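# Structural characterization, general
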Amino acid sequence: MTTQPTRLQPLEGYVLQPEHYYSQEWFDAEQKNLFNKTWVFAGLEAQLSEVGDYLVVQVGYQPMLVTRSKDGKLNALHNVCRHRGAKMLTECGRVQGISCPYHAWRYDLTGELTHVPQQTTQFPGLETRDWGLLKGSVALWDGLVFVHADPDAQPLSHWFAGLDKRLARFRPSRLREINVSVYPIKANWKFFVENHIDWLHLYYLHSSSLKDFAHDTGELTQHGPHWTSFENVRDGQDSNAAGRRPGLKEIPGLHADDAFIGAHLIFPNLALLTSPTSFATVNVQPTGPETCEVEIRTLAMPESVVPKNGFKELDQVMGEDCSAVERLQQSVRSSAFSVGPMAKRWEEPIVKFQQSYCGFMGL
Ligand code: FES
Ligand SMILES: [Fe+2]
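Residues numbered from 1 in each chain as written. Chains lettered and ligands numbered in written order. Predicted model: local features only at pLDDT ≥ 70, side-chain atom pairs only at ≥ 80, totals over all residues. Heavy atoms only, no water.

### Considering the overall build of the chain
Broken down by element type, the chain carries eight helices and 17 strands. Against the compact-globule benchmark of 21 Å for 363 residues, the chain has a radius of gyration of 23 Å, which places it among compact chains. C-alpha atoms of the chain, sized along the principal axes, occupy 80 × 60 × 35 Å. Put simply, the chain has 363 residues, and 51% of those count as buried. Long-range pairs, those at least 24 residues apart, make up 66% of the contacts in the chain with a sequence separation of at least 6. (Helix = DSSP H or I, 4+ residues; strand = E, 2+ residues; numbered from the N terminus. Rg over C-alpha atoms; globule rule 2.2 N^0.38 Å. Buried < 20%, exposed > 50% of the residue type's maximum accessible area, 1.4 Å probe, protein only. Contact = heavy atoms within 4.5 Å.)

Dropping the structure here:
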């Protein structure tokens, strides 16, 4: 009689169970206990350059807005009408005020209630000052807009725990968006994030697409729950050729250790990709327990010329990553699914991610 091999315990810290990657119940718990309690990437400040510009952003289960009001300030507002609770704006754009399509209550760009139809006859005694939109928090990091559902959220710079300092020389506010790519993925968002911070797979899954880079000497740094990493081109490789997109201008002011390619994570779900010529936000949006959508927005120096097919390497690497995380999703419900020993250094960022995650989720 053959015996089943013993299931070894995974490395300490890999604590998530299969159902955390597919159950609706756990997805709901994440929306309430994680995304509702962290700073969330809302978009680029360049999208809010004029009075009336606004961003629509989902913060866990909370629909929110970021508006540019007449005083020049940014406002984080809950996108939920104070009359009967309808979500009001559905797509980013520009408005003079916020109107609810249901019964036409109107708010100004700071969220104050400015008009209630039939107020005197149907809402006698209503004080408009009592019924402004509920507020959250908004903060900028060098051209990137972040929002938090809590009006008393901790300052964004505290939340970053040093990541903003490590990446400061890129100064994304001076860069211009040159490409947006969207990838629908049939996998739980955590599989995608864990793959993003998994150094081990660079050697194998990307053995061809990232062959020019020196994985052994990568700089991997934890900043609280966040993570930065850099790797240079391999000895003998031409750094003017490896991974470079022709036509993009060099970002001035970078240091040698900002090169060559960087992959970073702002916990929980905003990845970043950097190079001497580009800075990209990689927003990993959960769309269901077993699906997510990844939106990659690439920024570069304004005088850059966007090359034809300039993003085919990105598509290749993303194609490899998507296929790997979808394979995990396809087996996560199997009775044979388990996590065995983890690489002590190259998979350590996954353990750190899970520790931070568990802190929010109360595991
Ligand atoms: S729900 Fe908005 S006006 Fe009634
Ligand atoms: Fe990858």
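Now, onward.
### Here's the deal with the coordination of the iron ion (ligand 2)
Every protein donor of the iron ion (ligand 2) is listed here as His 201 (NE2), His 206 (NE2), Asp 321 (OD) and Asp 321 (OD), and their distances to the metal cover 2.1 to 2.6 Å. Each of the four donor atoms around the iron ion (ligand 2) contributes to a set of angles spanning 54 to 149°, which defines the coordination as irregular. In terms of primary sequence, the donors binding the iron ion (ligand 2) are separated according to H-x4-H-x114-D. Highlighted residues: His 206 in the loop between helix H6 (201-204) and strand S12 (219-223) and Asp 321 in helix H7 (residues 312-331), separated in sequence by 115 residues. When its relative accessible area of 1% is taken as the criterion, His 206 is described as buried. (Donors = N, O, S within 2.8 Å, 3.2 Å for Na, K, Ca; no water. Tetrahedral: all angles 85-135°; square planar, octahedral: opposite > 155°, others 65-115°.)

### Focus on the environment of Tyr 14
Residue position: Tyr 14 is located in the segment before helix H1 (24-33). Among the polar contacts listed, one links the side chain of Tyr 14 to the side chain of Tyr 21, at a separation of 3.4 Å. (Polar contact = N/O pair within 3.5 Å; in protein donor to acceptor, adjacent residues only side chain to side chain.)

### Quick notes on the sheet that holds strand S10 (residues 144-148)
What the three strands build is an open sheet, ordered S1-S10-S9; its pairing is antiparallel. Both outer strands of the open sheet, strand S1 (40-44) and strand S9 (137-141), are each paired with one neighbouring strand and no more. Averaged over neighbouring strand pairs, the angle between their axes works out to 30° when direction is ignored. By the bridge criterion, five bridges tie S9 to S10 in an arrangement that is antiparallel. From the neighbouring strand, Leu 140 faces S10, where its bridge partner is Val 145. (Pairing = 2+ DSSP bridges. Axes fitted to C-alpha atoms, helices over the stretch in contact; angles between N-to-C directions.)

### Observations concerning the packing of aromatic side chains
Throughout the structure, instances matching the rule amount to 19 aromatic pairs. Between Phe 267 and Phe 360 the ring centres are 5.7 Å apart and the planes differ by 25°, which places this aromatic pair in the stacked class. A residue pair is termed long-range when its members are at least 10 positions apart, and Phe 267 in the loop between strand S14 (261-266) and strand S15 (270-275) and Phe 360 in helix H8 (residues 348-361) qualify at 93 residues. Of the residues examined, Phe 267 reaches a relative accessible area of 0% and is grouped as buried. Judged by its relative accessible area of 25%, Phe 360 falls in the partly exposed class. Three or more aromatic residues joined by ring pairs form one cluster here, namely Phe 35, Trp 159, Trp 189, Phe 267, Phe 353, Tyr 357 and Phe 360. Above the face of the Tyr 21 ring, Lys 190 is positioned so that its terminal group lies 4.9 Å from the ring centre. Seen from the ring of Tyr 22, Arg 333 lies directly overhead, with NZ or CZ sitting 4.2 Å from the centre. (Phe/Tyr/Trp six-rings, centres within 6.5 Å; stacked < 30°, edge-to-face > 60°. Lys NZ or Arg CZ within 6 Å of the ring centre and 35° of its normal.)

### Thoughts on the pairing of strand S16 (residues 278-288)
Most of S16 sits inside the fold, with nine of its eleven residues counted as buried. Connecting S15 to the antiparallel partner S16 that follows it, the hairpin turn spans two residues. Of the strand pairs in this sheet, S16 and strand S17 (residues 291-300) are connected by nine bridges, and their pairing is antiparallel. Considered in S17, the bridge of Pro 286 is made with Cys 292. Where S16 hands over to S17, the hairpin turn is made up of two residues, counted between the paired strands.

### Some thoughts on the domain arrangement of the chain
As a measure of interface size, the accessible area lost when the parts come together is often cited. Domain boundaries assigned for the chain yield domain 1 (9-36 + 161-363) and domain 2 (40-152). Computed over C-alpha atoms only, the centres of domain 1 and domain 2 are separated by 31 Å. At the junction of the two partners, domain 1 supplies 21 residues and domain 2 supplies 16 residues. When domain 1 packs against domain 2, the two sides together hide about 1,500 Å² of surface, and 63% of this comes from carbon and sulfur. For the domain 1 face of the interface with domain 2, the top three residues by lost area are Gln 31, Asn 36 and Arg 297, together amounting to 29%. At the boundary of domain 1 with domain 2, the tally comes to zero salt bridges. Joining domain 1 to domain 2, the criterion identifies four residue pairs in polar contact (both at pLDDT 80 or more). Listing elements by their share of the side of domain 1 that touches domain 2, those giving two or more residues are H1, S15, S16 and S17. With four residues, H1 is the largest single contributor of residues to the side of domain 1 that touches domain 2. (Domains from an automatic or database assignment. Buried area = accessible area lost by both parts, 1.4 Å probe. Salt bridge = Lys/Arg side-chain N within 4 Å of Asp/Glu carboxyl O.)

### A short note on the pattern of salt bridges
Considering all chains together, one arrives at 13 salt bridges under this definition. Close ionic contact of Arg 94 with Asp 53 constitutes a salt bridge, the shortest N to O distance being 2.5 Å. You can see Arg 94 sitting in strand S5 (residues 93-94) and its partner Asp 53 sitting in strand S2 (residues 53-59), a full 41 residues away along the chain. Relative accessible area serves as the criterion here: at 54%, Arg 94 is assigned to the exposed category. Close ionic contact of Arg 169 with Asp 258 constitutes a salt bridge, the shortest N to O distance being 2.7 Å. Taken together, the positions of Arg 169 in the loop between helix H4 (163-166) and strand S11 (176-185) and Asp 258 in the loop between strand S13 (226-231) and S14 put the pair 89 residues apart, joining distant regions of the chain. Because the salt bridges share partners, they merge into one network encompassing Arg 166, Arg 169, Glu 219, Asp 257 and Asp 258.

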